[in-house]
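Structural overview
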Amino acid sequence: MTMRSVIDRVVQHEDLNFLLTNRIPRRWLTLTVGWLSRIEHPWVCSACIALWRLFSDLDLSEAKHDRFDSLRDCFTRELKDGARPIDMDPSVVVSPCDALVGACGQVTDGSVVQAKGFPYPLIDLLGDPELVRYYRNGRYATLRLTSSMYHRFHAPYDCRVEQVNYISGDTWNVNPIALRRVEKLFCKNERAVIRCRLPSGALLTLVPVAAILVASIRLKFLDVRLHLRYRGPNLIPCDAGLRKGEEMGWFEHGSTIIVFAPPGMDLCAEIAEGGRIQMGQALAHH
């Protein structure tokens, strides 16, 4: 039996997976891995990437560069030009990231679904009654980035980012096993609520949710790194114009982005739980 097969068996065992990735000192481990990922030494970087490959299907063939100074450089790698074509149809809102599609559909009674049987109220996620009212009967899609995926995220449409609300929190794992066990998990974790105003006046909201290990969100149009030791301000006014497909920011580890669209927009027919989508592909239309 190979080391990879042993790891696969452990990962697929739900109780053991949950124990090893959640019932640990999450904050301490997250800060430690964040420190380790920033060490710029070729031996440290190579050893960390080799260990990472044991636990994932890491594929660096699309990366713009084939050498990395640190594990963080590999996590946050850019892709080769043209690796992610952008659907420029003006009626299409594109996926901001590479992801596996989680729960998605219609906002109902001010709530959305985390996993089957686990609804959560939008007010607990967004912290803004105005936004909750705005997305009543709207649509949402939960986009989960695995650790091996491309970690940068991009504007889903031509837009102007008008506000970011950073909400500090925990660092639970966001894999399906944890989502089936931890009530209102996304509402507990560190996250940023990003309000994006479209030329039509409609408002798209992206909620990048950080997770265990590095738990850090960078936004290209802000001078601060949003992470566990960030101390404010939490409500950050913005005036950043972005074109569809333009880079918005990145995670320093895999996590989740929840996209909210108002009534009048619908998810594309092929968007369904368990599917895979790449940045730039059609997510919704209006």
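Just above, that's the structure.
Values in this document were obtained by computation on a predicted structure and should not be read as measured data.

**Quick notes on the pattern of salt bridges**
Going through the model one piece at a time under the given rule, you end up with 12 salt bridges. Across the pair aspartate 266 and arginine 139 runs a salt bridge, and its minimum N-O distance is 3.2 Å. In this pair, aspartate 266 is assigned in strand E15 (residues 266–267) and arginine 139 in strand E5 (residues 139–144), connecting sequence segments 127 residues apart. The exposure class of aspartate 266 is partly exposed, given its relative accessible area of 32%. When the shortest N-O distance is used, the salt bridge between aspartate 158 and arginine 243 registers 3.6 Å. Here arginine 243 lies in the loop between strand E12 (235–242) and strand E13 (247–251) and aspartate 158 lies in the loop between strand E6 (152–154) and strand E7 (159–167), a separation of 85 residues in the sequence. With a relative accessible area of 21%, aspartate 158 lands in the partly exposed category. Classification of arginine 243 as exposed rests on a relative accessible area of 56%. Within the structure, one salt-bridge network assembled from shared partners comprises Asp128, Glu130, Glu162, Arg195 and Arg197.

**A closer look at the sheet that holds strand E14 (residues 256–261)**
Read across the open sheet, the eight strands follow the order E12-E7-E8-E9-E14-E5-E2-E16; overall the sheet is antiparallel. The open sheet has two edge strands, E12 and strand E16 (276–277), and neither has a second partner. Sheet analysis places strand E2 (residues 99–106) next to E5, joined by five bridges and oriented antiparallel. Note that in E5 the partner of valine 101 across the bridge is leucine 143.

**Regarding the state of the cysteines**
According to the stated counting rule, one finds zero disulfides in the structure shown. Note on cysteine 45: no disulfide assigned, nearest cysteine sulfur contributed by cysteine 74 at a separation of 6.5 Å. You can call cysteine 45 buried: its relative accessible area is 4%. Cysteine 196 takes part in no disulfide bond, and the closest cysteine sulfur to it belongs to cysteine 159, at a distance of 4.4 Å.

**Things to note about the nonpolar core**
Counting residues in hydrophobic clusters, the biggest one holds 43 residues, and the most contacted among them are Leu143, Val161, Val164, Ile194 and Met248. Within the second largest apolar cluster, 28 residues are counted, among which are Leu125, Ala178, Cys187 and Leu203.

**A few points about empty space enclosed by the protein**
It is the rolling of a water-molecule-sized probe over the atoms that shows where space remains empty. By the definition in use, this model includes two cavities of 30 Å³ or more. Computed from the structure, the largest cavity encloses a volume of approximately 50 Å³. As for the largest cavity, its lining consists of Val93, Arg139, Tyr140, Ala141, Leu204, Val259, Phe260, Ala261, Leu267, Leu283 and Ala284. Only E5, E14 and strand E17 (282–285) provide two or more residues apiece to the lining of the largest cavity. Along the lines of polarity and charge, the residues of the lining of the largest cavity split into 10 nonpolar, no polar and one charged.

Rules behind the numbers
Residues numbered from 1 in each chain as written. Predicted model: local features only at pLDDT ≥ 70, side-chain atom pairs only at ≥ 80, totals over all residues. Heavy atoms only, no water. Salt bridge = Lys/Arg side-chain N within 4 Å of Asp/Glu carboxyl O. Helix = DSSP H or I, 4+ residues; strand = E, 2+ residues; numbered from the N terminus. Buried < 20%, exposed > 50% of the residue type's maximum accessible area, 1.4 Å probe, protein only. Pairing = 2+ DSSP bridges. Disulfide = S-S within 2.5 Å. Core = buried A, V, L, I, M, F, W, Y, C linked by side-chain atoms within 4.5 Å. 1 Å grid on protein atoms, 1.4 Å probe; cavity = no way out; pocket = protein on both sides within 12 Å on 5 of 7 lines; lining within 4 Å. Points joined across faces, edges and corners; volume = space filled by probe spheres on them. Nonpolar A, V, L, I, M, F, W, Y, C, P; charged D, E, K, R; others polar.

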